[in-house]
Amino acid sequence: MTTLNNSTKTIETDILIIGGGPSGLWAANRAKELGCEVLVVDKGPLDWGGMATLSGGDFDAVLPGENVDDFVQDLVYYYDGLCDQEFMEMVFANSYDRLKDYEKLGCEFLTGPDGKLKGVPQRGLDHVKLYPARVKGTGGSDMTRGLVKRADELGVKRLGRTLVTDLLKNNGKISGAVGFDTISGDFYIFKAKATILATGEGGWKSGYHSHTACGEGTHMAFRAGAELRNLEFVRVWNCPTQFAWESQTTLLPLGARFVNARGESFMEKYCPTIGSKSDQHYNVIGMAIEAREGRGPIYFDVSRLNLDDSRVVKPQSGWQVLNYKKLLSLGIDLFTQKTEWMPQLHQTCGGLVADIEGRTNVPGLFVTGCARGLEPGLCIGGIHLCLTAVTGHRVGAIVAEYAGSQESPSIESDEALEYKNRLFSYLALNTRFRFFNNH
Amino acid sequence: MIASIDETKCDGCGICIEACPIDTLRMDEKGEKAVIKYPDDCMTCYACELKCPTGAIYVHPFKEVLPRAITY
């Protein structure tokens, strides 16, 4: 039926992790440390580390001496009561340990003159703060590099450019998955005692108006019987109309604001307590009202930015500094001019239902990071790097224990073959669209 | 969005193709030079330009020309 000369490969492992971003890598490293064989499969380049690579590397944490309950109370208020308190308590309670782990992996966070971590308060909340990377620009890629290096030291097996398409099920339990190499077309059957879905979309990349996260993880889990939630909620984001910029969650608390075409800072009208420091969903509502009433377009105004350390906000390294220099060469300077900004659909809040330790309703299927259906509105700067680390580490341990109690699974070969035929049936169509012809 | 790959500078090493998180770049039919195969996929992450050893790639900081939903 197919015209493709592809082969089928079978790989057996204790734990299969779908998604090689931060939560997948944290889970992989933890499970491997506890003695399991682990395979991470990602559709992107082998070492890229998912969306964390492009992020600023900001991390939310409850420092020693601070109170987890205070942070949870902030979020109960922030989410208008929709906060999953038990889950966020677990995330915050483990946040500082993971921050220290990131330091051990070679990441550096900003410190003040006293040598202590220097935080930026978030969304006008009393307690929640993010801790920025020491040098703005490569915080996210430093995290990825550290996690990948650690995975290789531990002997975690990893496969890149391979798209997992379907979960396999045997006797009501997930027994692995199938997928294909997106370059060679080779078909893969993965057999595993336990499978972790780490296909969520952290908060960053859609800020570039493009996305690799297209929901196939959620969809395959749904087809396998997983319960989903929060798909009716979407997250919005504000960004420059023409170019990418990371990140406003540091700039807004330090005095940046949105203004309309008349130069009026309008968010004080809609959110008198904290103005532009409000949640981005409120900012979007404000932007929309202003534009509809003829006071658009909307600009990002940094004239009141109060900086005692410009390294916190001005890109110093990586893609961010290249981007900044190129914009300067085009006569655009975010720090001296008003730049036109707009709202943008960011990502879904939907995902799998799971207990706080990542167990779904389908035996053998676990979920970590943002593949889990999170709270509507969860978008404080630094929260995704925090919860991907915490949940990955936690779920990795839970799944290692589970896998230790399981027999090696058997795969219904008919099921895998059916998926393969369905997957490659498109190649038999009479079309001029050619796959894989350049390799 | 990725704007150009300078053919005279590209030595066909393939590092940019490996680096692209999506599917924007491929080798040409002869397998000698990198080409922009699917420009619409580009997310302006600069990974290719940062890793290109010969400086052959230029990524423009503008993402694309965006449609305006609202007429002011």
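Asks: Where do I start with the packing of aromatic side chains in this structure?
Replies: For any pair of aromatic rings, geometry is given as the distance between the ring centres together with the angle between the planes. Residues and elements named next belong to chain A. Applying the stated criterion across every chain, the model contains 18 aromatic pairs over all chains. Each ring, one from Y188 and one from F190, has its centre 5.5 Å from the other, and the planes form 5°; the classification is stacked. The burial state of Y188 is the same as that of F190; both residues are buried. Among the aromatic residues, those joined into a cluster by ring pairs are W26, F59, Y102 and F109.

Asks: Would you explain the sheet that holds strand β13 (residues 298-301) of chain A in this entry?
Replies: Sheet strands pair by backbone hydrogen bonding; their relative direction is either parallel or antiparallel. All names here are of chain A. Strands sit in the order β11-β14-β13-β12 across an open sheet of four strands; the sheet is antiparallel. Each edge of the sheet is formed by a strand with only one pairing partner; in this case those strands are β11 (234-240) and β12 (257-259). When the angles between neighbouring strand axes are averaged without regard to direction, this sheet yields 45°. Inspection of the sheet shows β12 paired to β13 by three bridges, in the antiparallel sense. What sits directly across from V259, in β13, is Y299.

Asks: Before we go on, may I ask you to explain the sheet that holds strand β3 (residues 59-60) of chain A in this structure?
Replies: Residue and element names in this part refer to chain A. What the three strands build is an open sheet, ordered β3-β5-β4; its pairing is antiparallel. Of all the strands in the sheet, the pair left with one neighbour each is β3 and β4 (120-121). In this structure, β4 lies alongside strand β5 (residues 129-131), joined through two bridges in antiparallel fashion. For V120, the partnering residue across the bridge sits in β5 and is L130.

Asks: In this structure, what is going on with the environment of A198(A)? I would like to understand it.
Replies: Here A198(A) lies in the loop between β9 (187-197) and α5 (216-223). Those residues in contact with A198(A) that sit more than four places away from it in its chain are I17(A), I18(A), G19(A), S23(A), G24(A), T368(A) and A371(A).

Asks: Sorry, what's going on with the packing of helix α2 (residues 68-78) of chain A against helix α3 (residues 85-104) of chain A here?
Replies: Packed helices, taken two at a time, are described by the angle between their axes plus the distance between the axes. Residue and element names in this part refer to chain A. Contact geometry for α2 and α3: axes closest at 9 Å, N-to-C directions at 135°. Taken together, the axes of α2 and α3 lie oblique to each other. Along this stretch, α2 crosses α3, giving a crossing that reads as right-handed. On the side of α2, the interface is formed by V68, D69, F71, V72, L75 and V76, while α3 contributes Q85, M88, E89, F92 and A93. The residue inventory of the contact of α2 with α3, partitioned by class, reads eight nonpolar, one polar and two charged.

Reading the values: the criteria
Residues numbered from 1 in each chain as written. Chains lettered and ligands numbered in written order. Predicted model: local features only at pLDDT ≥ 70, side-chain atom pairs only at ≥ 80, totals over all residues. Heavy atoms only, no water. Phe/Tyr/Trp six-rings, centres within 6.5 Å; stacked < 30°, edge-to-face > 60°. Buried < 20%, exposed > 50% of the residue type's maximum accessible area, 1.4 Å probe, protein only. Pairing = 2+ DSSP bridges. Helix = DSSP H or I, 4+ residues; strand = E, 2+ residues; numbered from the N terminus. Axes fitted to C-alpha atoms, helices over the stretch in contact; angles between N-to-C directions. Contact = heavy atoms within 4.5 Å. Parallel < 35°, antiparallel > 145°, perpendicular 65-115°, else oblique. Left-handed = near helix turned anticlockwise from the far one by under 90°. Nonpolar A, V, L, I, M, F, W, Y, C, P; charged D, E, K, R; others polar.

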